Amino acid sequence: MEMAIGSHANSKLTPASVLPSRNLGPSKRNSVVSSSMLKRQLLGDRLSLKAYWKSFSLNSSRIPSRNSVKCSVSQVAETSTGDVDDTQIKSLLIRRNDIRNIAIVAHVDHGKTTLVDSMLKQSKVFRDNQFVQERIMDSNDLERERGITILSKNTSITYNDTKINIIDTPGHSDFGGEVERILNMVEGVLLVVDSVEGPMPQTRFVLKKALEFGHAVVVIVNKIDRPSARPDYVINSTFELFIELNASDEQCDFQVIYASGLKGKSGLSPENLSEDLGPLFESIVRCIPGPQIAKDGALQMLATNIEYEEHKGRIAIGRLHAGILRRGMEVRVCSSDDECRFARVSELFVYDKFNRVPAETVEAGDICAVCGIDDIQIGETIADKTSGRPLPSIKVEEPTVRMAFSINTSPFVGREGKYVTSRNLRDRLYRELERNLAMRVQDGETSDTFIVSGRGTLHITILIENMRREGYEFMVGPPKVINKRVNDKLVEPYEIAIVEVPEEYMGPVVELLGRRRGQMIDMQGTGSEGTTLLKYKIPTRGLLGLRNVILTVSRGTAVLNTIFDEYGPWAGDLSTRDLGSLVAFEDGTTTSYAISSSQDRGQMFVGPGVDVYKGQIIGIHQRPGDLSLNVCKKKAATNVRSNKEQTVVLDSPLDYSLDDCIEYIQEDELVEVTPLSIRMCKNPKTVKKSR
């Protein structure tokens, strides 16, 4: 499992000479994958190999750590360059050994960005007296507020005369499109796995994509300093995941590094960590191959990412596959063989440490940023002006959830927002498609309605949050699942949901998932923390609005993670909300007198002194069905007081975030989004139809 730990530089004994399964042919290897008994036998062989190398490392303690890493690297998938014969391509390709292009991939909260922080600090990217904030790669305000990575970002470090281009990627499954694009730029990945949780749903997704590209993989067991760390279980689970994903024998011989990203330590065994990330850097240089390039070939660069700056315009980011790119060079921009146009490179940048540095020339294999091509799109190829050919375009998986965006029709329209018209909304949504390849936008039934499809509700919610911060006012409908018809049968998307919950709350959680048509696949304990891991296959419809409910029944202790699995048969009707809404009866300003009598009907969203309008949702009804309330009623003022004034005690109103509101609303309800406020209301069109 853990390859060549503590091996001599001059030793001829390698894992390949010990493990008999290395010489299995493709048919035999597939039979190993399909047989669970043989899989356990194979796993046992690998683990015995791990024990062998561990004992060997104890006898070689005086050998430097850099000599302890010896890897079996898979062949990186070669990019097609057109109609040239494969033998000619291979004869032209050479490998650059002074550059490594890597992507750091993992499940959400497994410590990717924190690990990058430590790599940057130990590479002397910052001065010793320079103040550096935590998670420096999460530069977006929204990323810092939510504590997640949303956009992939580039940086580079230098280690022993080797330039390492590092790309930090999102960990949430809704942003899987970012990861799929980035894998086109790299030759290897660092797969970060939590030392307690092990492989999670997004771990499976990113590893599957990396193996499909043929990338080399270095597994990092992160947070090894946690008290409940269980590295043996994590490595076994990761190896089983490689087998399930039909990894080649070379890919299964992955290098394992144990690390603590927060403390900046790493090592080849969990008990013996060095004081820095030296073993990790050595593994990157030795286990991940340099880029294969055609140095003397015609220029080819695939635009994998797009950024925008006011004074520079659109900036295309990608890896140079062949040739040499120069500042001021005339190039051809191709989307296909028949669709090409000419442009000029005005500025050229490479990544050096944490900055973009101007460059006169960039050689094949390096990652660069190109300015001057105003209309370039992601997936287009910057090629040689005379003999350039396009590279294969980027393909990402299809979206599974859609939401309807429309202009704001409430009485409060225009109070807070700067962009309120359908033209503003349309331009902004279609502009999002230029960078967000996993998203789709279509015109709706009316001219002021647009259908936005994405990988999940969070994927679309991030767009909504960005738009409201930019000054847009609009309304969004409830999320709906994108169904398909296969052989005249209705199918819907299913997802794998993994719930980590304390044992005392397991009963209510299991009952809740069962009501939402979930099927239990696996259940296991997770060690000394007293939690149980539940694995379900559940329709995506059943996940809509589930996060808040599952937190309620588990007293805020459950952790829910999901990943798209497949399209399956329609699971039947299901209900996602049992209670109705409290609706404002008229326009006006709420009063404490009216709210004191209304709060007996349910939980309120508003307090006194808040402007509301007719049809606005002001609370949750304690029973099924909606109820209209007058929360603007004032106490009758008379000149006679028979008794003293009574003190009014009001409950604190519920403070719902944008995510909570989108999860709450039903088919006949909308969320009104403005730069300063988030309100919910009944859909006027649906109300008219019901009448």
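Right above here is the structure, for reference.
Residues numbered from 1 in each chain as written. Predicted model: local features only at pLDDT ≥ 70, side-chain atom pairs only at ≥ 80, totals over all residues. Heavy atoms only, no water.

Engineer: Would you explain the overall build of the protein in this entry?
Structural biologist: Along the backbone of the protein there are 19 helices and 39 strands. The buried share among the 691 residues of the protein stands at 53%. Intrachain contacts of the protein at a sequence separation of at least 6 include 73% that bridge at least 24 residues. If you sum the accessible surface of the protein, you get close to 31900 Å²; carbon and sulfur atoms cover 47% of it. (Helix = DSSP H or I, 4+ residues; strand = E, 2+ residues; numbered from the N terminus. Buried < 20%, exposed > 50% of the residue type's maximum accessible area, 1.4 Å probe, protein only. Contact = heavy atoms within 4.5 Å. Areas by Shrake-Rupley, 256 points an atom, 1.4 Å probe, with all protein chains shown as cover.)

Engineer: Would you explain the pairing of strand E39 (residues 678-682) in this entry?
Structural biologist: The side chains of a regular strand alternate, residue by residue, between the two faces of the sheet. Most of E39 is tucked away, with four of its five residues classed as buried. Sheet topology note: the strand E38 (residues 669-673)/E39 ladder contains five bridges and is antiparallel. Considered in E39, the bridge of Glu672 is made with Arg679. Counted between consecutive antiparallel strands, the loop separating E38 from E39 contains four residues. (Pairing = 2+ DSSP bridges.)

Engineer: Sorry if this is basic, but what is going on with the environment of Ile324 here?
Structural biologist: Considering the arrangement of structural elements, one finds Ile324 in strand E14 (residues 324-326). In this structure the C-alpha to C-alpha distance between Ile324 and Ala364, which are 40 residues apart in sequence, comes to 6.0 Å.

Engineer: Which parts of the structure should I look at to understand the side chain of Glu495?
Structural biologist: In this structure, Glu495 sits in strand E28 (residues 489-502). With no salt bridge to any partner, buried Glu495 finds its closest opposite charge in Arg547, at an N-O distance of 7.7 Å. At 3.3 Å, the side chain of Glu495 and the side chain of Thr540 are in polar contact. Polar side-chain contacts of Glu495 include one of 3.4 Å to the side chain of Thr562. Those residues within four positions of Glu495 in sequence are excluded, and the remaining contacts are Tyr536, Lys537, Ile538, Thr540, Leu543, Thr562, Ile563, Phe564 and Asp565. (Lys, Arg positive; Asp, Glu negative; His and termini not counted. Salt bridge = Lys/Arg side-chain N within 4 Å of Asp/Glu carboxyl O. Polar contact = N/O pair within 3.5 Å; in protein donor to acceptor, adjacent residues only side chain to side chain.)

Engineer: Just to check I follow, could you spell out the environment of Pro279 for this structure?
Structural biologist: Following the sequence through the fold, Pro279 ends up in helix H11 (residues 278-287). Judged by its relative accessible area of 5%, Pro279 is buried. For the pair Pro279 and Leu268, spaced 11 residues apart in the sequence, the C-alpha separation amounts to 7.1 Å.

Engineer: What should I look at first to understand the sheet that holds strand E9 (residues 272-274) in this one?
Structural biologist: Backbone hydrogen bonds are what pair the strands of a sheet, in a parallel or an antiparallel way. One open sheet accounts for eight strands, arranged E3-E4-E2-E5-E6-E7-E8-E9; its pairing is mixed. Each edge of the open sheet carries a strand with a single partner, namely strand E3 (153-159) and E9. This sheet shows a mean twist of 30° between the axes of neighbouring strands, independent of strand direction. Alignment of E3 against strand E4 (residues 162-168), held across seven bridges, turns out to be antiparallel. Within the sheet, the bridge partner assigned to Lys153 lies in E4 and is Asp168. (Axes fitted to C-alpha atoms, helices over the stretch in contact; angles between N-to-C directions.)

Engineer: Any chance you could explain unusual backbone geometry here in plain terms?
Structural biologist: Keep in mind that most residues, glycine aside, have a negative phi and that most peptide bonds are trans. Unlike most non-glycine residues, Asp161 shows phi in positive territory, near 70°. Position of Asp161 relative to the elements: it lies in the loop between E3 and E4. A residue is classified by how much of its surface remains accessible, and Asp161, at 75% relative accessible area, is exposed. We note that Arg517 has phi near 70°; this positive angle belongs to a residue other than glycine. Relative to the elements of secondary structure, Arg517 occurs in the loop between helix H14 (506-515) and strand E29 (519-525).

Read these as geometric descriptors, not functional statements.
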